[in-house]
Structure formats: C-alpha cells, structure tokens
Amino acid sequence: MLITTADSARHRPRSATALGNLFLAGDWVHSDLNLATMEAADQTGKAAVNALLSAAGSRAAPCEILTLRHPAELDELHEVDTRLYAAGLPNAFDRPAPWNTARSGAGADLPTQGRPFTGSGRPETWSTP
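This is a predicted model, so every value here is computed, not measured. (Residues numbered from 1 in each chain as written. Predicted model: local features only at pLDDT ≥ 70, side-chain atom pairs only at ≥ 80, totals over all residues. Heavy atoms only, no water.)

Before we go on, may I ask you to explain the environment of L35 in this structure?
Secondary-structure assignment places L35 in strand β2 (residues 35-36). Here the alpha-carbon distance between L35 and T5, two residues 30 residues apart in the chain, equals 9.7 Å. (Helix = DSSP H or I, 4+ residues; strand = E, 2+ residues; numbered from the N terminus.)

I'm lost on the pattern of salt bridges in this one. Help?
Oppositely charged side chains can pair when the atoms bearing their charge come close. Scanning the entire structure with this criterion turns up 2 salt bridges. The shortest N-O distance in the salt bridge between D42 and K46 comes to 3.4 Å. Here the residue D42 and the residue K46 both occupy positions in helix α1 (residues 38-56), the gap between them amounting to 4 residues, near one helical turn. For K46, a relative accessible area of 25% translates into the label partly exposed. Between R83 and E79 there is a salt bridge; the shortest N-O distance is 3.2 Å. Placement of both R83 and E79 in helix α2 (residues 75-86) is noted, with a separation of 4 residues, approximately one turn of the helix. Among the residues examined, R83 registers a relative accessible area of 53% and is labelled exposed. (Salt bridge = Lys/Arg side-chain N within 4 Å of Asp/Glu carboxyl O. Buried < 20%, exposed > 50% of the residue type's maximum accessible area, 1.4 Å probe, protein only.)

Put into structure tokens, the structure is as follows:
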C-alpha cells in the first residue's frame, strides 16, 4: 500500500475526462480513498464504467461506488494532526508517548521511524530535522 503525500488528491485525474470517449481507472486516479490500493482501482473502475454509461446514454444501472466514512469521533485527532502538519511537525503517533520519553525495557533498542539514533539505540533527539 502506498500512502500518498498530503494534498495530493487534487492533482489526480478523474475517471471522466474532457474527451468524450476517454475514461480513466486505476489506483492513481482520483477516488475517495486517496491510496494506491486494489480497492481504489476498483472504485475508479466503477466510476469509469458509470461515466461511460452516462456518456452513452445507457439506461443500465450504474455501479455502486462506496464512499469513505469519516467517524466524527476522530475529528479532534484530525484537527490536532492538521495543526502539527501546518507547523512542520510529525504526526502525534510518530512521537514517543509523553510517559515514555526515557525508553527502557523491551524494545528500547528498536529504532523509531524518522528519528536519528546512536549506537546504543537511544535517540539523539526527539525533534524533527
């Protein structure tokens, strides 16, 4: 799975194009998922079929296209992540837990994604370069 960069969805082409007989599908085409996955390719394939049916004036039933559910319970976390991103800081889940800044015990020598480490496995700094 490829997770796309922030704000990249607006650059992806849509399934229906300005050319009346050209329709696009694939994990790189704009979809509600915004991920390079088989599921995104499936959804854009269905969107392309629907655009083709519409362009042809067909009365056939359109394909069902699922939409991504955004649980309201995660709105506050999304807002925090948006502010961190705007400040150039990593996602809150990419940092050590505040109660575990002096990593010790099982797994203390394992690298934490995106953080520089010394030979001892302890982080040199918790700030983002």
